[in-house]
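Working through the structure, step by step
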Amino acid sequence: QVQLVESGGGLVQAGGSLRLSCAASGRTFSSRAMGWFRQAPGKEREFVGGISRSGLATDYAEFVKGRFTISRDNAKNTLYLQMNSLKPEDTAVYHCAAAMTGAWTRNLYEYDYWGQGTQVTVSS
C-alpha cells in the first residue's frame, strides 16, 4: 500500500514558478518509478514527467521540457516538480503517481497509486 499526498499548488502569474511536492507513505517508494500528471478542465489526464526509482533517469512531455524539473528524495519518500516559466495553459490539477515498475513510463495504466492532486492556476 502506497499513499500519496501532493502540496505546493497555488495561484501564480504567467512567468512565475511553483514547486510541487508529493509525500509518500509506505515501504516501497524507493523501488518505484514516479510520475507527475495533470488534468485541465474538459481535458484528459496527461503525462508531465517521470523519474526512475533511482532518480538517475527522467522523462518529460515536450510541452514542459526546459521549464519543469522532476526530482525525488528517496530518504524523505518525497517526489518534487519544480515548475518555472509557467504559462496559463499549465493551469490544471497536478497529480503524482507511483508506477508498478522501476523505470519511468508515460503509460497511465502502469501506475497503480495516485494522489488526490493539487491545483495550479496561472493567470495572464
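First things first, this report covers the structure right here in the doc.

1. Re the pattern of salt bridges
One pass over the full model with this rule turns up 6 salt bridges. Arg 38 is the salt-bridge partner of Glu 46, the closest N and O atoms lying 2.9 Å from each other. When its relative accessible area of 31% is taken as the criterion, Glu 46 is described as partly exposed. Here Asp 90 and Arg 67 are joined by a salt bridge, their closest N and O atoms 2.8 Å apart. Linking Asp 90 in the loop between strand 8 (78–83) and strand 9 (92–99) with Arg 67 in the loop between strand 6 (58–60) and strand 7 (68–73), this pair joins segments that are 23 residues apart in sequence. Under the relative-accessibility criterion, Arg 67 is labelled buried at 11%. Here the salt bridges share partners, and the residues they tie into one network are Arg 38, Glu 46, Arg 67 and Asp 90.

2. Observations concerning the nonpolar core
Counting 35 residues, the largest nonpolar core has Leu 4, Trp 36, Leu 81, Met 83 and Tyr 94 as the members making the most contacts within it. Counting residues per element, the ones that place at least two in this core are strand 3 (18–25), strand 4 (34–39), strand 5 (46–51), strand 7, strand 8, strand 9, strand 10 (111–114) and strand 11 (118–123). It is strand 9 that contributes the most residues to this core, 6 residues altogether. When residues no more than four places from it in sequence are discounted, the contact partners of Tyr 94 are Glu 6, Leu 20, Trp 36, Phe 37, Arg 38, Val 48, Phe 68, Leu 81, Met 83, Gly 117, Thr 118 and Val 120.

3. Considerations on the sheet that holds strand 1 (residues 3–7)
The antiparallel open sheet is built from 4 strands, whose spatial order is 1-3-8-7. Edge positions in the sheet fall to strand 1 and strand 7, since each of these pairs with one other strand and no more. Across the sheet, the mean angle separating the axes of adjacent strands is 15 degrees when strand polarity is ignored. Sheet topology note: the strand 3/strand 8 ladder contains 6 bridges and is antiparallel. Residue Leu 20 lies in a different strand from strand 8, and its bridge partner there is Leu 81.

4. With respect to the state of the cysteines
Applying the stated criterion to the full structure yields 1 disulfide. Here Cys 22 engages in a disulfide with Cys 96; their sulfurs sit 2.0 Å apart. Across the disulfide from Cys 22 to Cys 96, rotation about the S-S bond amounts to roughly 55 degrees, and the bridge is consequently right-handed. Of this pair, Cys 22 sits in strand 3 while Cys 96 sits in strand 9, and the two are 74 residues apart along the sequence.

5. Things to note about the pairing of strand 4
Walk down a regular strand and you will see the side chains alternate between the two sheet faces. Most of strand 4 is tucked away, with 5 of its 6 residues classed as buried. Bridge analysis of strand 4 against strand 5 gives 5 bridges, and the strand direction is antiparallel. Directly across from Gly 35, in strand 5, lies its bridge partner Gly 50. Here strand 4 hands over to strand 5 after 6 residues, with Gly 42 in that stretch at a positive phi of 75 degrees. Two strands pair when backbone bridges link them, and strand 4 and strand 9 are joined in this way by 6 bridges, in the antiparallel orientation. Paired with Met 34 across the bridge in strand 9 is Ala 98.

About the cut-offs
- Sequence positions are assigned chain by chain, starting from 1 and proceeding in written order.
- Side-chain atom pairs in this predicted model are given and counted only at pLDDT of 80 or more, local residue features only at pLDDT of at least 70, and totals for whole chains, interfaces and linings cover all residues.
- Excluding hydrogens and water, the side-chain figures rest on all heavy atoms present in the structure.
- A pair is scored as a salt bridge if a Lys or Arg side-chain nitrogen falls within 4 Å of a carboxyl oxygen belonging to Asp or Glu.
- Relative accessible area decides the class of each residue, using a 1.4 Å probe on protein chains only: under 20% of the type maximum gives buried, over 50% gives exposed, and in between gives partly exposed.
- Strands are runs of DSSP state E lasting at least two residues, helices are runs of H or I lasting at least four, and both sets are numbered from the N terminus onward.
- Buried residues of nine kinds, namely Ala, Val, Leu, Ile, Met, Phe, Trp, Tyr and Cys, make up a nonpolar core once their side-chain atoms join them within 4.5 Å.
- Whether two residues are in contact is decided by their heavy atoms: any pair within 4.5 Å suffices.
- Between any two strands, at least two bridges found by DSSP are needed for them to pair.
- Each axis is a line fitted through C-alpha atoms, taken for helices only over the stretch in contact, and angles between the N-to-C directions span 0 to 180 degrees.
- Only a pair of cysteine sulfur atoms within 2.5 Å counts as a disulfide in this structure description.

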